[in-house]
Amino acid sequence: MSKVLEEKLEKMSPEEQKLWALRHTAEHVLHTALQNLYPKLKKAMGPATSEGFYHDFDLDEKITEADFPKIEKEMQRLIDLDLPLIQEFVDVKKARDIFKGNPYKFEWVDEIEKRGEKFSLFKIGDIDLDLCSGPHVESTGKVKAFKLLSVAGAYWHGDEKNKMLTRIYGTCFPSKDDLLKYLEHVKLAKSNDHRKLGQELDLFCFSDLVGKGLVMYTPKGTIIKNELQKALMNACKEFGAMEVNIPHMAKLELYETSGHAQKFKDELFVVKSHHKEEFVLKPVNCPHHTQIYASRPRSYKDLPIAYVESTQQHRDEKPGAIGGLNRTRSFEIDDGHTFCTKEQITEEVIKLIKTAEKFYKQLNMWGNHWVSLSFRDPKTPEKYIGDEKDWQTAQKMLLDVNKTLKLNGKIIEGEAALYGPKIDIMMKDSLNNDVQLGTFQIDFAMPKRFDLKYVDQKGKEQTPIMIHRAILGSYGRFIANLLEKTGGAFPTWLSPVQVKVLPISERQIEYATEETKKLKDVGIRVELDDRNETLSAKIRDAQNEKVPYMVILGDKEIEKDEVSIRNREGKNSTMKLSKFIDIIKNEIENYQ
RNA sequence: GCUGGUGUAGCUCAGUGGCAGAGCAGUGGUAUCGUAAACCAUCGACGGUGUUUCGAUUACACCCACCAGCUCCA
């Protein structure tokens, strides 16, 4: 068994290990069934995953979901035969003999030979023999509830230079009940897809005329974005950050100096001037911020200097990478850079992450996340800039921060930024994919490349360190995630419409207009539903819009000079309008 | 960019090699209504460009957009 797999299994509970073995067996059943149905197919590889399993194979014939019933039937046949899974060990020669004509398995054989491990094979009855170190359940009959989910392409070894194989995803559970529950859960999560909710709640849109991956926020979506921005900028100013503002383009030279141009040249938008000049739309803000820092001499007494702004960035992403609000070609982020001494780094990062924690907690998002310690991949040093020693120092600092703040971060090698390691706040989206929101990055390299300086106590010039940071990251991604978590029922302070006034009949419209104005005058976002509809219809619509409060006005309310309040949970109460204003104002202020 | 799929009205969905259908929304009316959909009428669409065909929304090709996955993500 490979070291990686061994470590992975060690971390699992006995139940998880059992499920893993079951899914792994289901995967063998899948590839055996495929081999039976498509004799020309070349098996490549297939593991169990946290959600199920998949198998990658090479086949000229096209396979679509329409073929699933046929494949599932063959799988069921193998399951019904209740074939035992038997482990065998062979030598190199035998292994090469068995997988003759299959370059993928040959590669595994070479790899295993190089590692000096034993050639372990698993046999399903007498039908299938595959290179595999297990573990498995004892027989195919143990696979009680499985389902094929989707078919997709996947590069061999995950490298786009390699051939694209066909991948079939499936899942498997100990019982039919568990499987159904899982499928139901997936369906529910998909119904909370931010793209669907954004359309339904009228928050943002796209246009073919404007272009792919270019989002536009509607008035309601803009309210959410602006409220987040206000709250965030206030939070940042609490620890002394100063707002700055930069243009959306710069000369290519700026990014050649920072190192971005070399690494991301295919993703830069180029803007041509009529004066023989060429600019690029800014893909990041750090280089601009270094130039604000560099605009005057700095003393150690000035440090740390923290710049922050909410601003758009533009990246010409590969078409296949674009989707919804999670990856657009123009997006706003809350970006900031702290210039400090080496000694100040840890304290500054801690301060920033604490700010983020507070911000996420306000929105009930702290706890849904996991923390990635995104370190560099020591195997591919060419992907990064800066000194080896600085990287080690920075990564050590992030480990300390992780420990101090009990972030429970996972080290992910290869996820670092070009110039330094990061601590990333990660969330799951409605499709269970990881998305990065907040990020905190230590950068020794860029200040050197821009030749940034400060004067220390002894009057000597020193190079500062840069901390790149975003608390919520991209507003689009953040709003998408918040939408998927809340189903669109935003807290009152973020709700585009906080109160909807519903007169019961035409008789109350005049009165309702006055009450609406009173609410508007105290800064509450309120709408009057004066359509010629029944109360039930108005409530239904307001409910679907996820409006936190409805103010219902009929003859009774007018007579008593009171309002009837219905919240979006369906609870009713009656009170004076002034009292309602106090309650809602209080709720909004306490949130922020 | 790659593999596979999808594209019919603002939204959700039918349907067809020969006049494209519904529900909701919108608009005009009637009812003046008490906590999740009143009633009647009415407007509105085959993503684009070519090809085959007497005739293409339907078949084919290309383009565009969207979806899932892979790759990428400063």
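Remember, it's a predicted structure, so these values are computed and weren't measured experimentally.

Parameters at a glance
Residues numbered from 1 in each chain as written. Chains lettered and ligands numbered in written order. Predicted model: local features only at pLDDT ≥ 70, side-chain atom pairs only at ≥ 80, totals over all residues. Helix = DSSP H or I, 4+ residues; strand = E, 2+ residues; numbered from the N terminus. Buried ≥ 20, exposed ≤ 12 C-beta atoms within 10 Å, placed from the backbone. Contact = placed C-beta atoms within 7 Å. Near = placed C-beta within 6 Å. Nonpolar A, V, L, I, M, F, W, Y, C, P; charged D, E, K, R; others polar. Pairing = 2+ DSSP bridges. Domains from an automatic or database assignment. Axes fitted to C-alpha atoms, helices over the stretch in contact; angles between N-to-C directions. Parallel < 35°, antiparallel > 145°, perpendicular 65-115°, else oblique. Left-handed = near helix turned anticlockwise from the far one by under 90°. Core = buried A, V, L, I, M, F, W, Y, C linked by C-beta atoms within 7 Å. Expected span 1.5 Å × (residues − 1).

A word on the overall build of chain A
Consideration 1: The helix and strand inventory of chain A stands at 19 helices and 27 strands.
Consideration 2: The principal-axis extents of the C-alpha atoms in chain A amount to approximately 90 × 75 × 50 Å.
Consideration 3: In chain A, buried positions account for 35% of the 592 residues.
Consideration 4: The contacts in chain A between residues at least 6 apart in sequence include a share of 71% that link residues at least 24 apart.

A look at the protein's contact with RNA strand B
Consideration 1: By nearness alone, 58 residues border RNA strand B, and G153, G158, G320, S505 and G554 come closest of all.
Consideration 2: Of all elements in the fold, only β6 (145-155), β7 (164-173), α10 (260-264), α17 (535-544), α18 (555-560) and β26 (563-567) reach the threshold of two or more residues within the surface near RNA strand B.
Consideration 3: Sorting elements by how many residues they give to the surface near RNA strand B places α17 first, with seven residues.
Consideration 4: Each residue belonging to the surface near RNA strand B can be placed in one class, and the counts come to 19 nonpolar, 21 polar and 18 charged.

Considerations on the pairing of strand β13 (residues 278-281)
Consideration 1: Judged from the three bridges that link them, strand β11 (residues 249-251) and β13 form a sheet pairing that is antiparallel. Across the sheet, the residue bridging to A250 is V280, located in β13.
Consideration 2: Connecting the antiparallel pair strand β12 (residues 270-272) and β13 is a turn made up of five residues, with K276 showing a positive phi of about 60°.

Re unusual backbone geometry
Consideration 1: Across the junction of L303 and P304, the peptide omega takes the value 0°, indicating a cis bond.
Consideration 2: If you trace the backbone, P304 turns up in the loop between α11 (286-293) and β14 (305-314).
Consideration 3: The residue N364 is not glycine, and still its phi comes out positive at about 55°.
Consideration 4: Along the polypeptide, N364 turns up in the loop between α12 (345-362) and β16 (370-375).
Consideration 5: By the C-beta count within 10 Å, which is 12 here, N364 ends up exposed.
Consideration 6: Positive phi, close to 60°, is recorded for N408, a residue that is not glycine.

Some remarks on the domain arrangement of chain A
Consideration 1: When its domains are assigned, chain A resolves into domain 1 (3-177), domain 2 (204-248 + 280-486) and domain 3 (492-589).
Consideration 2: Each of domain 1 and domain 3 has a C-alpha centre, and these two points are 59 Å apart.

What about the packing of helix α2 (residues 14-37) against helix α3 (residues 68-80)?
Describing two packed helices takes the angle between their axes plus the distance from one axis to the other.
Consideration 1: α3 packs onto α2 with a crossing angle of 115° between their chain directions and a minimal axis gap of 9 Å. Viewed along their axes, α2 and α3 adopt a mutual orientation that is roughly perpendicular. Crossing geometry of α2 relative to α3 is assigned as right-handed. Seen from α2, the contacting residues are V29, L30, T32, A33, L34, N36 and L37; seen from α3, they are K70, I71, E74, M75, L78 and I79.

Regarding the nonpolar core
Soluble globular proteins tend to pack their nonpolar side chains together in the buried interior.
Consideration 1: The biggest cluster of nonpolar side chains holds 88 residues, and the ones touching the most others in it are L472, I479, V501 and V551.
Consideration 2: Looking at this core element by element, the count peaks at seven residues for α12.
Consideration 3: The two domains that each donate at least three residues to this core are domain 2 (204-248 + 280-486) and domain 3 (492-589).
Consideration 4: Excluding residues within four positions of it along the chain, L472 makes contact with L228, L232, D334, F359, L437, G438 and F478.
Consideration 5: Counting residues in hydrophobic clusters, the runner-up holds 36 residues, among them W20, A26, V29 and I168.

Considerations on the environment of R449
Consideration 1: In this fold, R449 is placed in helix α14 (residues 445-449).
Consideration 2: Expressed as a C-alpha distance, the spacing of R449 and S258, which sit 191 residues apart in the sequence, is 6.4 Å.
Consideration 3: Every residue in contact with R449, bar those within four places of it in the chain, is listed here: T257, S258 and G259.

Observations regarding the sheet that holds strand β25 (residues 549-553)
Consideration 1: Spatially, β24-β23-β25-β26-β27 is the arrangement adopted by the five strands of the open sheet, whose pairing is mixed. Each end of this open sheet is capped by a strand with a single partner; those strands are β24 (526-528) and β27 (572-575). Taking each pair of neighbouring strands and ignoring which way they run, the sheet shows an average axis angle of 25°.
Consideration 2: On the sheet, α17 packs against β23 (499-503), β25 and β26 and is oriented at approximately 170° with respect to β23.
Consideration 3: Relative to the sheet, helix α19 (residues 577-591) contacts β25, β26 and β27, its axis offset from that of β26 by approximately 30°.

As for the sheet that holds strand β4 (residues 119-124)
Consideration 1: Pairing is antiparallel in the open sheet, where three strands are placed in the order β3-β4-β5. Single-partner strands in this sheet number two, and they are β3 (85-90) and β5 (128-131). The average undirected angle you get between the axes of adjacent strands in this sheet is 30°.
Consideration 2: Its contacts with the sheet place α2 against β3, β4 and β5, and it is angled at close to 120° to β5.

Considering the packing of helix α8 (residues 219-238) against α12
Consideration 1: In the contact formed by α8 and α12, the axes pass within 10 Å of each other and the chain directions differ by 150°. By the angle between their directions, the pair α8 and α12 is classed as roughly antiparallel. The chirality of how α8 crosses α12 is right-handed. Between α8, through L232, A235 and C236, and α12, the contact on the second element is made entirely by T355, K358 and F359.
Consideration 2: For the contact of α8 with α12, the class distribution of residues is four nonpolar, one polar and one charged.

Points about helix α6 (residues 176-191)
Consideration 1: For α6, built from 16 residues, the straight-helix expectation of 22 Å at 1.5 Å per residue is met to within 8% by its first-to-last C-alpha distance of 23 Å.
Consideration 2: Among the 16 residues of α6, zero are classified as buried, and the element is accordingly described as predominantly exposed.

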